[in-house]
Every structure is written in structure tokens, then in C-alpha cells.
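In case you want the letters, here they are:
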Amino acid sequence: MGEPGYTSGAPPVVAEWVEQVLAGHVAGTRGGEAEVTAAREHLGSVAEDLGSFTRARGGVLTGPLDPFGGPGALVLGDASVGRLLTCGGLALGEAVDPPGEVTWPMFRGRALDVFVSVVLFSGPVADAVGELEAVFEATGAAGDLELLRGFTADPSKSGELAELAAHALAFRGLQRWEPRVEVGLGARFAGVLELRGRADLVLGGPGTPHPCVLVEVKSGELRDAHRAQLRHYVLLASLRNGTLPAGAALWSPVGGLEPMHVPGSLLAAAERIAAGASRAADILDRGGPVLRPGPHCRFCSSSPLCPEARVG
Ligand code: SF4
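Quick caveat, the model's predicted, so the values are computed rather than measured. (Residues numbered from 1 in each chain as written. Predicted model: local features only at pLDDT ≥ 70, side-chain atom pairs only at ≥ 80, totals over all residues. Heavy atoms only, no water.)

1. Some thoughts on the packing of aromatic side chains
Stated formally: Classification of ring pairs rests on two measures: the distance between centres of Phe, Tyr or Trp rings, Trp counted by its six-membered ring, which must be within 6.5 Å, and the angle between planes, read as stacked under 30 degrees, edge-to-face over 60 and tilted in between. Numbering goes from the N terminus for both helices and strands, where a helix is a DSSP run of H or I of at least four residues and a strand is a run of E of at least two. Each residue is placed in one exposure class: buried if its accessible area under a 1.4 Å probe, protein chains only, is under 20% of its type's maximum, exposed if it is over 50%, and partly exposed if it falls in between.
As enumerated under the stated definition, the model contains 5 aromatic pairs in all. Each ring, one from F107 and one from F136, has its centre 6.2 Å from the other, and the planes form 65°; the classification is edge-to-face. Linking F107 in helix α5 (residues 104-121) with F136 in helix α6 (residues 128-138), this pair joins segments that are 29 residues apart in sequence. As far as burial versus exposure is concerned, F107 and F136 are alike and both buried. Taken together, a centroid distance of 4.8 Å and an interplanar angle of 85° make the contact between F171 and W251 edge-to-face.

2. A closer look at the packing of helix α2 (residues 33-56) against helix α9 (residues 224-241)
To keep it simple, the criterion reads: Angles here are taken between N-to-C directions and fall from 0 to 180 degrees, while the axes themselves are lines fitted to C-alpha atoms, restricted in helices to the stretch in contact. Roughly parallel means an angle under 35 degrees; roughly antiparallel means over 145; roughly perpendicular covers 65 to 115; every other angle is labelled oblique. Here, two residues are considered to be in contact whenever any of their heavy atoms come within 4.5 Å of each other. Polarity classes work like this: nonpolar for Ala, Val, Leu, Ile, Met, Phe, Trp, Tyr, Cys and Pro, charged for Asp, Glu, Lys and Arg, and polar for all others, with Gly in that last group.
Running from N to C, α2 and α9 cross one another at 105°; their axes reach a closest spacing of 10 Å. When the interaxial angle is binned, α2 and α9 end up roughly perpendicular. Mapping the contact onto sequence places V36, A39, R40 and L43 in α2 and L235, S238 and L239 in α9. Residue composition of the contact of α2 with α9, by class: 5 nonpolar, 1 polar and 1 charged.

3. Examining unusual backbone geometry
Located in the positive-phi region is E182, a residue other than glycine, with phi close to 50°. Of note, E182 is situated in strand β2 (residues 180-189). Although it is not a glycine, A190 sits at a positive phi angle of roughly 50°. Topologically, A190 is positioned in the loop between β2 and β3 (193-203).

4. Thoughts on the confidence of the model for the protein chain
Note the following rule: Within a predicted model, pLDDT stands for the predictor's per-residue confidence, ranging from 0 to 100.
Of the residues in the protein chain, 89% have a pLDDT of 70 or more, and the chain-wide mean is 88. Here helix α4 (residues 88-96) is the element of the protein chain with the lowest mean pLDDT, 83, and strand β4 (residues 213-217) is the one with the highest, 98. Contacts of residues 1-7 to residues separated by more than four positions or lying in other chains number 8 contacts, the stretch itself having pLDDT below 50.

5. Topic: the packing of helix α3 (residues 78-86) against α4
Each packed pair of helices is defined by two parameters, the angle between the axes and the distance between the axes. The geometry of α3 relative to α4 is characterised by a closest axis approach of 5 Å and an angle of 145° between their N-to-C directions. Between α3, through R83, L84 and T86, and α4, the contact on the second element is made entirely by G88, L90, A91 and E94. For the contact of α3 with α4, a count of residues per class yields 3 nonpolar, 2 polar and 2 charged.

6. Quick word on the site of the ligand
Applicable threshold: Any residue with a heavy atom positioned within 4 Å of a molecule or strand is treated as near that molecule or strand. Only protein atoms enter the 1 Å grid used here. Points where a 1.4 Å probe fits but cannot escape make up a cavity, open sets with protein on both sides within 12 Å along at least five of seven lines make up a pocket, and a residue lines them when an atom lies within 4 Å of a point. A pocket or cavity is taken to hold a molecule when more than half of that molecule's atoms are within 2 Å of the pocket's grid points.
What surrounds the ligand is the set C87, G89, L90, L291, P293, H296, C297, C300, S303, C306 and A309. Assessed atom by atom at 2 Å from the grid points, the ligand resides in the largest cavity. Of the residues in the shell around the ligand, the class split is 8 nonpolar, 3 polar and no charged.

7. Some words on the pattern of salt bridges
This is how it is decided: What counts as a salt bridge is simple: a side-chain nitrogen of Lys or Arg found within 4 Å of a carboxyl oxygen of Asp or Glu.
Evaluation of the coordinates by the stated rule reveals 9 salt bridges. For R108, the salt bridge is made with E160, and the minimal N-O distance between the two is 2.9 Å. One end of the pair, R108, is in helix α5; the other, E160, is in helix α8 (residues 155-167), with 52 residues separating them in the sequence. Residue class for R108 comes out buried when judged on its relative accessible area of 17%. Judged by its relative accessible area of 29%, E160 falls in the partly exposed class. A salt bridge links D224 to R227; its shortest N-O distance comes to 2.8 Å. Linking D224 with R227, this pair stays in helix α9, spanning 3 residues, or about one helical turn. The structure contains a network of salt bridges with shared partners spanning R188, E194 and R196.

8. Quick notes on α3
Note: α-helices contain 3.6 residues per turn, so residues at a spacing of three or four share the same orientation. Heads up, the condition is: The arc under discussion is defined with respect to the helix axis, by the directions toward the C-beta atoms.
Listing the buried residues of α3 in full gives D78, S80, V81 and L84. Around the axis of α3, the buried residues are gathered within 165° of arc, so they sit on the same side. Looking at the buried residues of α3, the elements they touch are β1 (74-76), α4, β3, α9 and α10 (265-286).

As C-alpha cells, this is what we get:
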């Protein structure tokens, strides 16, 4: 017999996976403290190097790196690390002037986050567009409300939103693990390196009787950038909790649930941050970014003025 109120839609795959993960956790996969300590020490040494580098150049992190948080610390999120590794000009451009236009794929992502929250805390979404209107009105999100009305002037977009709302039923049955959405995560090292992130869904963790599990919600195909993002959040959650999460996964209506192998992911995430911090130091050292043109130029806000842009 199904749960009351849920007569159709995607099966509760996330809850089923969490049950399996926590069964394995009880069987002896606790811990990871040594890996957490190693990651903390590695990032501490990255911060010390960064501090020495900036002190040798007169002190604080300023000038070309102002968009990354300054004046006292380099502030890195998973997206800014990814951009630094792709092209310094792209990273600076997006930090100074993030893209203003909200495209349909971006809006679908926002809508899916709302539907997942409704399923987690209230119940099934009966009317996708009506539910979004109610949430945007209640939260004073006038811009999102306007976007919703603009996009749904096309009936096919209303249909897509209804499909997304049905897919969000995959998140039912999670209340017992005390879910929280849009959870801010952060860590600071030696006063000069600050890491930030915002996890879509955290289950359990400190303050609850349950081990911590993270799930990132995506509305389209799952990509390597999403996997790097999840590793970044697993690292930040581990630094905060002192132990590895019991589980972590990506989920999308297209790719379904993609569990991540948590052990070993912290050092990969820390190495990526170290490489991003090194690229940032290069920007400071040279007084400007190294340009690395490629397919990403087509999405770069700096491309109109960039001498290396490849937009053809
Ligand atoms: S246009 Fe290309 S090379 Fe120039 S800053 Fe943007 S991503 Fe880098």
C-alpha cells in the first residue's frame, strides 16, 4: 500500500538509498577522521603558503583578487574554484559581473528546488505553477514571480514544470532523517583562505540522532562539474562535523540517483581547492589573469572585450 497522498509519480528512490546507506553505516563504515584530519592539514598548508605569498607582496589580498572576497582572505566556493581552473579571465569576469539573465534551464533548477522542498516538508505538489506562485509570493520573490509568468505564457513550459513536480516525489519519505535544505557550509584557514558552499539537502548530522547524508539536486544531465561540487560540499561538511558523511549523492530527473564514493573524496576536493588557490595567486602575481581560451568562451561575460575569446 502506498503512502497517503501519494498515488502516482516517481518512487521514493532517495529514501530507499538513504536506508541502504545507513544500514551499511551501522555495519561499520563510521569514521574517516584520519581523512578529515589530512584534508584539514593540507588546506592549512595551502593557507599558510597563501599567507606567505601575500605578505611578501605587501600584506593583504587586494587588487585583482578583490572580487574573490578580499581584503583579508581569498574566498572560494565550488563554482569559483572551477572557473579559476578553467580560465582566470572567466573567473574574474563572473566574480565582478555575474550573468544577470535567468535562462529557462536556470529557472527550471530553481523551480525543482521549490518542488523538492514542498515534497519534503508538506506533501505532493498538486499544481506546479500555482505552488511556485504561492512560494514566490510568500517569500517576496517578485522577480521570480515575473519570470514564472513570462515563461509559462508558453503552455509547454507549464507542462515541463508539472513533470518536474512529479519527479520531485522521489524525495518523499525523508522526514524521519530531519532534512534541511539550502544549508550554508564554510571553513576558514589561517585567516587568509575561506571556503564556502550551500548544500541543497542535508539529512541528519550533528544535533540529530542520525548520521549525515548529503544530496545535490540537479534539473538536467549530471556532469563532472556537479560531481566536483558535491565533493566540495562533502569536504566542507566533513570539516565541520569532524567525520565523513555516511553518504552523498547527486540526483536529477534525467540521471536519477548517482551515489558518490565518499572515502577518498576529501583529498580530491582539497587538491582542487589548492589548484584554484594557486591560480588565484598567479592572478595576483601577474597583476591580471592568465587567459585560457576554449569552448567555455561562449559562456563568458568577458568575451566581448577579451583578446583571446573563441566564440566562433
Ligand atoms: S573569453 Fe575565453 S579566454 Fe577570454 S576571459 Fe573569457 S573564457 Fe577566458
